[in-house]
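Each chain is listed here by its residues.
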Amino acid sequence: MWSVPKLAKPPRHLADLTVEGARAALVAAGHPAYRADQLSRHYFTAPEGKNLTEVPRADRARLRAEFLPPLLTSVHERLADAGTTRKTLWRAFDGTLIESVLMRYPSRATLCVSSQAGCGMACPFCATGQGGLTRNLSAGEIVGQVVSAAKAMRAGDLPGGPGRLSNVVFMGMGEPLANYNRVLAAIRRMLAPTPHGLGMSARGITVSTVGLVPAISRLTDEGLALTLAVSLHAPDDELRDTLVPVNTRWPVREVLDAAWRYADVTGRRVSIEYALIRDVNDSVERADQLGRLLSGRLTHVNVIPLNPTPGSKWDASTPQAQGRFVAAVRAHGVAITVRDTRGREIDGACGQLAASAQALSADPARTPEAGTSPT
Ligand code: SAH
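A short tour of the structure in this document, coming up. (Residues numbered from 1 in each chain as written. Predicted model: local features only at pLDDT ≥ 70, side-chain atom pairs only at ≥ 80, totals over all residues. Heavy atoms only, no water.)

**Side note on the environment of Val338**
Formally: Starting at the N terminus, helices and strands are each numbered in turn, a helix being any DSSP run of H or I of at least four residues and a strand any DSSP run of E of at least two. Each residue's exposure class comes from its accessible area (1.4 Å probe, protein chains only) as a fraction of the maximum for that residue type: buried when under 20%, exposed when over 50%, partly exposed otherwise.
Relative to the assigned elements, Val338 resides in strand β12 (residues 335-338). Note on Val338: relative accessible area 36%, which makes it partly exposed. When the C-alpha positions of Val338 and Val326 are compared, they lie 8.2 Å apart, and in sequence the two are twelve residues distant.

**Considerations on the site of the ligand**
Put simply, the test is: Any residue with a non-hydrogen atom lying within 4 Å of a molecule or strand is treated as near it. Polar contact criterion, stated in full: a pair of N or O atoms within 3.5 Å, where within protein one must be able to donate a hydrogen and the other to accept it, and residues adjacent in sequence count only if both atoms are side-chain atoms. The Shrake-Rupley method, run with a 1.4 Å probe, gives the accessible areas here. Residue values count only the displayed protein chains as cover.
The ligand sits among 20 residues. The nearest are Phe125, Ser208, Ser231, His233 and Asn307. One of the side-chain nitrogen or oxygen atoms of Glu175 is found 3.0 Å away from a nitrogen atom of the ligand. Here His233 contributes a side-chain N or O atom positioned 2.6 Å from an oxygen atom of the ligand. Alone, the ligand offers 530 Å² of accessible surface; in the complex the protein occludes 97% of this.

**Let's talk about the packing of helix α1 (residues 19-28) against helix α2 (residues 35-45)**
Our working rule: Here, axes are lines fitted to C-alpha atoms. For helices the fit covers the stretch in contact, and angles between N-to-C directions go from 0 to 180 degrees. Here the angle decides the label: under 35 degrees means roughly parallel, over 145 means roughly antiparallel, 65 to 115 means roughly perpendicular, and every other value means oblique. Take the far helix as your reference; a near helix turned counterclockwise from it by less than a right angle gives a left-handed crossing, and one turned clockwise gives a right-handed crossing. Residues are treated as being in contact if the distance between any of their heavy atoms lies within 4.5 Å. Throughout, the ten residues Ala, Val, Leu, Ile, Met, Phe, Trp, Tyr, Cys and Pro are labelled nonpolar, Asp, Glu, Lys and Arg are labelled charged, and all others, Gly among them, are labelled polar.
One way to put it is that α1 packs onto α2 with a least axis distance of 8 Å and a crossing angle of 120 degrees. Between α1 and α2, the angle is such that the two are oblique. As α1 runs across α2, the sense of the crossing is right-handed. In contact with Ala22, Arg23 and Leu26 of α1, α2 contributes Arg35, Ala36, Asp37 and Leu39. Taken together, the residues that form the contact of α1 with α2 break down as four nonpolar, no polar and three charged.

So yeah, pure geometry; function would need other evidence.
Given below as structure tokens:
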């Protein structure tokens, strides 16, 4: 197999472009502008595997190659929770592996997407953080994960019959705000009504960040009512410096100030993520400190029981410690709930998305060629 230069970019895809940009690109390639709308309708709404019947037969192959190149190939799928949780391992054009997880609940369906291959934030408890950053995903690669899940829901591929993808959370691999422009371009396509996008609602999309303050400020001014989640994990700088290394650049106070401005401007409740780690950040004193920091704010704490990564020295808190922690935060009048642990047995839970050759060799029956493409 020939190898692609490491810094080669993913092929251009319609989903990388704005609606106007797509029309201009079609015209520049010698097609009428309205082909952009036809291609979008096909890409966002046609069932998986359907022919490109929207455009003249003679132009199909060329339009596909120029505007709808296959970006992600499914190389492996694992199911859990009686089939209502599905993790997909994707291979990109350059061999890069990424993962996404679709979780169906009685009243909603949520896709956890990756925004980068790997991650540069180096949080020591997170599996993705251990491998470093490989590269940013293109907008088309991010949208591709979502389109595939939306089509799977429409087709009724998960138990429960046909449904709708209602939520997307940027809690897969990567730090979304470190890939700002591509993540925002992808989000705009998710929000755009048919035929230009998936017609999702902004509040159903959650951007989760370690706390890159300038990027949070930029997001605040986008005029989108997205849900913002901040991975706090500690109320004090001394501990947070060790759990979320970027804290040495933007400390707790600055991160929370940026979060409160986001809440003020957008009117959206900010989610505070707190991975509860036994004997590390689960004391009642820290819960109290957290409660004081958050009291009176438009916020909600999401406790994530630590999902230990292989070889990690850390573990989840005991149920007693977790109960005491939650009660102590709640005593400050702060809303707090414990995140469910969907997909743990398939390493599909928070912090476990670390695509590797190991993930592939776990099921030698499936070769990388055996997958389907979301185009
Ligand atoms: N870079 C983004 C998205 C990361 S994944 C961010 O940091 O917010 C989403 C959440 O899962 C983050 O809050 C992250 O800190 C948390 N997480 C990572 N590894 C975990 C683990 N092993 N157990 C529990 N939560 C984890």
